[in-house]
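# Examination of the molecular architecture
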Amino acid sequence: MLKPATLLAACLCASSTALAGAIPRPGDFYLISRDRSGNFVGSHKLFTDYARGLNKVSYCERSYFVRSHSVAWTQVESERGNTVQVEFNFGRGWRPICGNPEQQVTLQDIGITVSARDLLAKTDEPSAPRSRLSVIGSIFQSDTSEEGHSTYHTR
């Protein structure tokens, strides 16, 4: 009985470590949507460093890197009547630092010609979170489908 409990604990530790980067920390910048009453609706993270799948943009004369889905999301949220702004986590709450990001960066600005709603309907694969176990498992996966179905006699 001790082995299953140990395995479960190890899996929980590995998954929580992989998701720890998703928790807002002091110093983070986010696109935050609020309803007409000022209540939080949703958010998308802005990055200060480049990573694969991110686009360089500028909000209120400050450069960030953002996913294309985040740009589409700002447009859809503003169409819904919500207020979207860039906010900074200063450790004791959020401070608005830039308004109307949907007017400053559009999908056309980053080279996307589909509508915001159509883009959001697609999965955002490059930035999909992956746990350590799925990354390790992918190392052992075959790159070609032919190898996966071969037998000892056909090699």
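Residues numbered from 1 in each chain as written. Predicted model: local features only at pLDDT ≥ 70, side-chain atom pairs only at ≥ 80, totals over all residues. Heavy atoms only, no water.

### Thoughts on the environment of S68
Residue position: S68 is located in helix 2 (residues 68-79). Residues S68 and N55 lie 13 residues apart in sequence; the distance between their C-alpha atoms is 7.0 Å. Among all residues touching S68, those that are not within four sequence positions of it are N55, L107, I110, I112 and L119. (Helix = DSSP H or I, 4+ residues; strand = E, 2+ residues; numbered from the N terminus. Contact = heavy atoms within 4.5 Å.)

### Details of the side chain of H69
Here H69 shows up in helix 2. Setting aside chain neighbours within four positions, we find H69 in contact with H44, L119, L120, K122, T123 and D124.

### Some remarks on the pairing of strand 1 (residues 29-34)
Counting buried residues in strand 1 gives 6 out of 6 residues, a clear majority hidden from the surface. Where burial is concerned, the two faces of strand 1 agree: the one with F29, L31 and S33 and the one with Y30, I32 and R34 are both buried. Bridge count between strand 1 and strand 2 (residues 40-46): 6 bridges; the pairing is antiparallel. If you follow F29 over to strand 2, its bridge partner there is L46. Counting the residues that bridge the hairpin from strand 1 to strand 2 gives 5 residues, and of these G38 lies at a positive phi of roughly 90°. Inspection of the sheet shows strand 1 paired to strand 5 (residues 83-89) by 6 bridges, in the antiparallel sense. (Buried < 20%, exposed > 50% of the residue type's maximum accessible area, 1.4 Å probe, protein only. Pairing = 2+ DSSP bridges.)

### A few points about the sheet that holds strand 1
Paired through backbone hydrogen bonds, the strands of a sheet run either parallel or antiparallel to each other. The antiparallel open sheet is built from 4 strands, whose spatial order is 2-1-5-6. Every other strand in the sheet has two partners, leaving strand 2 and strand 6 (94-99) as the edge strands with one partner each. Across the sheet, the mean angle separating the axes of adjacent strands is 35° when strand polarity is ignored. (Axes fitted to C-alpha atoms, helices over the stretch in contact; angles between N-to-C directions.)

### Describing unusual backbone geometry
Negative phi values dominate among residues other than glycine, just as trans dominates among peptide bonds. At C60, a residue that is not glycine, the phi angle is positive and equals roughly 50°. Note on placement: C60 falls in the loop between strand 3 (55-59) and strand 4 (62-66). At E61, a residue that is not glycine, the phi angle is positive and equals roughly 65°. Overall, E61 belongs to the exposed group, its relative accessible area being 81%.

### Thoughts on the state of the cysteines
All told, the structure shown has 1 disulfide when counted by the stated rule. Disulfide pairing is shown between C60 and C98; the S-S distance is 2.0 Å. Between C60 and C98, the S-S dihedral sits near 80°, and the bridge is therefore right-handed. Of this pair, C60 sits in the loop between strand 3 and strand 4 while C98 sits in strand 6, placing them 38 residues apart in sequence. Given the relative accessible area of 42%, C60 is considered partly exposed. For C98, a relative accessible area of 5% gives the class buried. (Disulfide = S-S within 2.5 Å.)

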